[in-house]
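These are the residues of each chain, in order.
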Amino acid sequence: MPESDATRVSRHPAKSTNDVYATGDDGVSISGIWKTFTTRNERTVAVQDINLQIRRGQFVTIIGPSGCGKSTLLRIVAGLLSPDCGSVSIFGETVSHAAESKHIGFVPQTPALLPWRTVTENVQLPLQVNKYSTSGGDGRQSDPRELLESFGLGAVLDRRPHELSGGMQQRVAIARAFVFDPMILLMDEPFSALDEFTREAQRRGLLELWQSNQKTVLFITHSVAEAVELSDVIVVMSPQPGRIQAVIPVDLPRPRGNLVENSDPFHAVEVAIRRELRRNWNQPE
Amino acid sequence: MTSNSGGDLRSAQVNAGRDRWRALNIQLWVPPLVGFGLIVVVWQLYAVHNPYVIPTVFQIVDQFRTQPSLYWHDMLVTLREAVVGASCGMAAAFLFAVLMSHVRVLERALMPLVVVLNVTPIVAIAPGLVIAFGFGFTPKYIIAGVIVFFPFLINSLVGLRSPDPEVLDVFTTLHASWWEVLWRLELPSSLPYLFAAARICLPLSLIGAVVAEFSAAGQTTGLGSLIETAASQANLKIVYASVVVLALLGVSVTFVVVMLQRRLLSWHSSSWTRSQ
Ligand SMILES: Nc1ncnc2c1ncn2[C@@H]1O[C@H](COP(=O)(O)OP(=O)(O)OP(=O)(O)O)[C@@H](O)[C@H]1O
Ligand SMILES: [Mg+2]
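Scope of this entry: the structure provided in the associated data block. Keep in mind that this is a model prediction, so the values were computed, not measured.

Parameters and conventions
Residues numbered from 1 in each chain as written. Chains lettered and ligands numbered in written order. Predicted model: local features only at pLDDT ≥ 70, side-chain atom pairs only at ≥ 80, totals over all residues. Heavy atoms only, no water. Helix = DSSP H or I, 4+ residues; strand = E, 2+ residues; numbered from the N terminus. Buried < 20%, exposed > 50% of the residue type's maximum accessible area, 1.4 Å probe, protein only. Contact = heavy atoms within 4.5 Å. Pairing = 2+ DSSP bridges. Axes fitted to C-alpha atoms, helices over the stretch in contact; angles between N-to-C directions. Core = buried A, V, L, I, M, F, W, Y, C linked by side-chain atoms within 4.5 Å.

1. Let's talk about the overall build of chain B
- Scanning chain B from N- to C-terminus turns up ten helices and zero strands.
- Seen in sequence order, chain B has helices and strands lined up from the N terminus as α-α-α-α-α-α-α-α-α-α.
- Looking at the 276 residues of chain B, the share that counts as buried comes to 37%.
- In chain B, once contacts between residues fewer than 6 apart in sequence are set aside, the share between residues at least 24 apart is 73%.

2. Here's the deal with the sheet that holds strand β4 (residues 85–90) of chain A
All names here are of chain A.
- Spatial ordering of the open sheet is given by β2-β1-β4-β5, a layout of four strands whose pairing is antiparallel. Edge positions in the sheet fall to β2 (43–55) and β5 (93–94), since each has one partner strand and no second.
- Pairing analysis gives nine bridges linking strand β1 (residues 27–38) to β2, with the strands arranged antiparallel. Looking at the pairing, T38 lines up with R43 of β2.
- Seen against the sheet, helix α3 (residues 70–78) touches β1, β2 and β4 and runs at an angle of roughly 120° to β1.

3. So, the nonpolar core
- In terms of nonpolar packing, the biggest core is built from 111 residues, with A:I30, A:I90, A:L186 and B:F171 touching the most fellow members.
- The greatest single-element share of this core, amounting to eleven residues, is contributed by helix α8 (residues 178–215) of chain B.
- Discounting chain neighbours no more than four positions away, the residues touching A:I90 are A:G27, A:V28, A:V77, A:V95, A:A98, A:I104 and A:I184.
- Core analysis: the next-biggest nonpolar cluster, separate from the first, contains 17 residues, B:A209, B:L226, B:A230 and B:L249 among them.

Nothing here speaks to function; it is all geometry.
Shown next as structure tokens:
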């Protein structure tokens, strides 16, 4: 089902979430993904039969206990791992095509900055690498300095990563993923190493950025509250083998500030997720 | 206000840094100077009573005063042999390391050969190389190069594999070419390892050059030849003056590497202030 411009711009979760399973060139479609790892004497089914449709501009969060294959799935979508079977299409392209034309922005779990480059130079990296690709998104590359200033990093542009706090480093890593205007952002627990206050600020920053850029985001987290605050859709995964257990739409209005956090609908979603997560433990198959 | 306090903080840090630097400098220079002076005194005392074992300090200094151009010229020859040989050897080792780290089959094919080369005493092939290539620079270059090849190769391999896998992931999702990964990630990441290796390799190449000169009996240039000729005439003064020049040469070469390292690796923890 092709989506109308109206839904895209207004991005009303109430409208989009029912279309989680809608197909089309205009989104990310993950179908029938399996991945098995074979170590010396053991075979681990990391992910089993993953099917997921993500529409353009949606913020999708994957949540689940450790070892349930979240990172594996994200790495497959990023083209860092190839699945045993199944396919991923990113806005109608294969993953390798999408990477070739720099449509994929990847934010790893650690900031993973280059220590010999200054903050600005780190953010410039994606513009220097694979220069002659058709460039990301609509070709709207940002000026690294302006982008960093909008990230609140204007004062540290010429510092080296080791001179920054962990939260600042993570923001630089996110700026690096934004600067070349990729079509999809893949983030693997980018805030997991931060304290609660910093996380909160980072979350707000990310949301603002997402709302003004209309990027499609696939985001991994361990935190239920984080998932509810950020997402249009929450994907709950269960371990051994890693499967999608539930896809929960979040029909909460945005912005979801402190007021909403204590509201009943917010809690209702939280409870639903926790129930799904708990099912993993109560009903082992 | 905030910027003011920030400025104060920064100048305080600078002052603290300067003080520490001064303290460090004294701690750094006085003990080795005292140790060195002690050795000179002991040497002199011993030499005065045993003139057939070692020359006195004054005799060595006298050598430099009376014929500086002899030592200067021979030093330049040995330095050239060592530096050219080491540069070629290190460049070749790095190229090999790049190939081996990108093509696994090559690593498996070449590693045993390299290990054999490493366990062979290079001194033993020096006379053969002199027969093959004559008294010119070629055999010296080869020996100086071969002697640094293995340590530099091993360090390069470790360095090229040192980047954090998550950084590599970022490069992969950007579809960086192998060349871009090498140039923008692997090479800078390996610089600390390459400098550590160079500090070992350049003094090693001096050994290689001197050994090569020893093997070319009848040659007239280079500190090794000077030592050999002087030794055959039992001229201890020239022998030890040459040794002193060689030691100074080793120190200067290491110093240059360390300075370059400070310059290029300010981002790396190895070149931050080493307090305590
Ligand atoms: N390279 C690998 N080799 C072998 N097994 C692997 C590999 N990568 C992942 N696995 C296995 O696949 C399963 C899923 O791993 P994955 O990293 O995707 O989990 P995760 O959900 O991201 O966990 P966490 O929340 O702790 O990051 C685990 O059982 C893990 O042991
Ligand atoms: Mg993970």
